[in-house]
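Now for the letters of each chain:
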Amino acid sequence: RALQPVQAADSSKLYVADLESTVHYTLRVEAGRPAVLAGAQLAALKCYVATLAKYFPGRPSVQTFLQSLDSWLRNWTEPELPRSTLKEAVKNKEDAIPAAVLPTNITWVGCKGSEPHFRGYPCGLWTIFHLLTVQAAQGSPDQELPLEVLSTMRCYVKHFFGCQECAQHFEAMAAKSMDQVKSRDEAVLWLWSHHNEVNARLAGGDTEDPQFPKLQWPPPDMCPQCHREEQGVHMWDEVAVLSFLKEHFSPGNLRMDHAV
Ligand code: FAD
């Protein structure tokens, strides 16, 4: 199915274009920066692709792309993976049956900033990992490996995320409390609350897009039931937040529109 043009993004929706642009950027730009991948960095890439292949709700050709890249990486047992070999492995296979295609263009819709230096990729990266934590929690009553997605994110951010200051901040938060997460639902809430911590730290700073102020999210107009007040103090209703996140970051909330 082709992506459709859209004039303005709806902040209550997720856009396939943002997700695909982000995955493209991670695999073909960030992972392609080191001349050779080895050790913990190679393990981080394998883990990231395995998690995408398992939980990313992509279009069929994107799913095929991720699944075949995952099997290719599993079969790569050499200690080192040169950049030129990875570059070949992440190429599209349009003629394969079924086709394995991850679009090579970058188009921001929900993550589009009011200026090119605002939003975009970091917004997409948060979105992907919220989506993956939610997909891992959906229909999975077993509480095995509650950190499956969060530790993938921790490794990806540590080894590949181009914003080093961001990576250091995130690692510090992870080191402090990630191991206290005991279930997949708690993993969803951990990422939500720590993203809000980052929003609070960055609010009013120079990386903030004036047209997209950093909020404690979801704001009351998006989820009134998520907020309550106890003796004049704002409180989150975490049960309501969890069901909101499961609805918001679900395949049913994905739109196929692209920007014009
Ligand atoms: P983002 O914060 O990127 O959020 C993207 C979208 O997610 C929002 O539009 C909203 O729809 C949704 N959202 C917002 N809050 C939540 C939430 N709590 N839970 C679920 N969904 C939510 N920038 C720095 O300058 N310094 C840093 O230290 C820094 N650390 C970062 C660490 C990580 C791991 C990442 C991925 C990014 C980091 N960034 C940092 C970038 C920064 O957090 C924003 O991504 C960037 O400024 C773009 O902001 P944005 O307005 O698009 O919203």
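Everything here concerns the structure above.
Residues numbered from 1 in each chain as written. Predicted model: local features only at pLDDT ≥ 70, side-chain atom pairs only at ≥ 80, totals over all residues. Heavy atoms only, no water.

Caption draft 1: Main features of the side chain of His195. Relative to the elements of secondary structure, His195 occurs in helix 8 (residues 184-202). Look past the residues within four positions of His195 in its chain and what remains in contact with it is Trp126 and His130. (Helix = DSSP H or I, 4+ residues; strand = E, 2+ residues; numbered from the N terminus. Contact = heavy atoms within 4.5 Å.)

Caption draft 2: Seen up close, the packing of aromatic side chains. Per the stated rule, a full pass over the model turns up 11 aromatic pairs. With centroids separated by 4.7 Å and ring planes inclined at 40 degrees, the aromatic side chains of Tyr48 and Tyr156 adopt a geometry described as tilted. One end of the pair, Tyr48, is in helix 2 (residues 39-55); the other, Tyr156, is in helix 6 (residues 148-160), with 108 residues separating them in the sequence. The two residues Tyr48 and Tyr156 agree in class, both being buried. Here Trp217 and Phe249 contribute two aromatic rings whose centre-to-centre distance is 6.0 Å and whose plane-to-plane angle is 50 degrees, an arrangement assigned as tilted. Residue Trp217 is found in the loop between helix 8 and strand 5 (227-230), and its partner Phe249 is found in the loop between helix 9 (238-248) and strand 7 (254-255); the two are separated by 32 residues along the sequence. Among the aromatic residues, those joined into a cluster by ring pairs are Tyr48, Phe129, Tyr156 and Phe160. For the cation-ring pair, Arg119 lies above Phe212, with the distance from its terminal atom to the ring centre recorded as 4.0 Å. (Phe/Tyr/Trp six-rings, centres within 6.5 Å; stacked < 30°, edge-to-face > 60°. Buried < 20%, exposed > 50% of the residue type's maximum accessible area, 1.4 Å probe, protein only. Lys NZ or Arg CZ within 6 Å of the ring centre and 35° of its normal.)

Caption draft 3: Up close: the environment of Trp72. Counting through the fold element by element, Trp72 comes out in helix 3 (residues 60-75). Considering only alpha carbons, one finds Trp72 and Asn199, 127 residues apart in sequence, at a separation of 37 Å.

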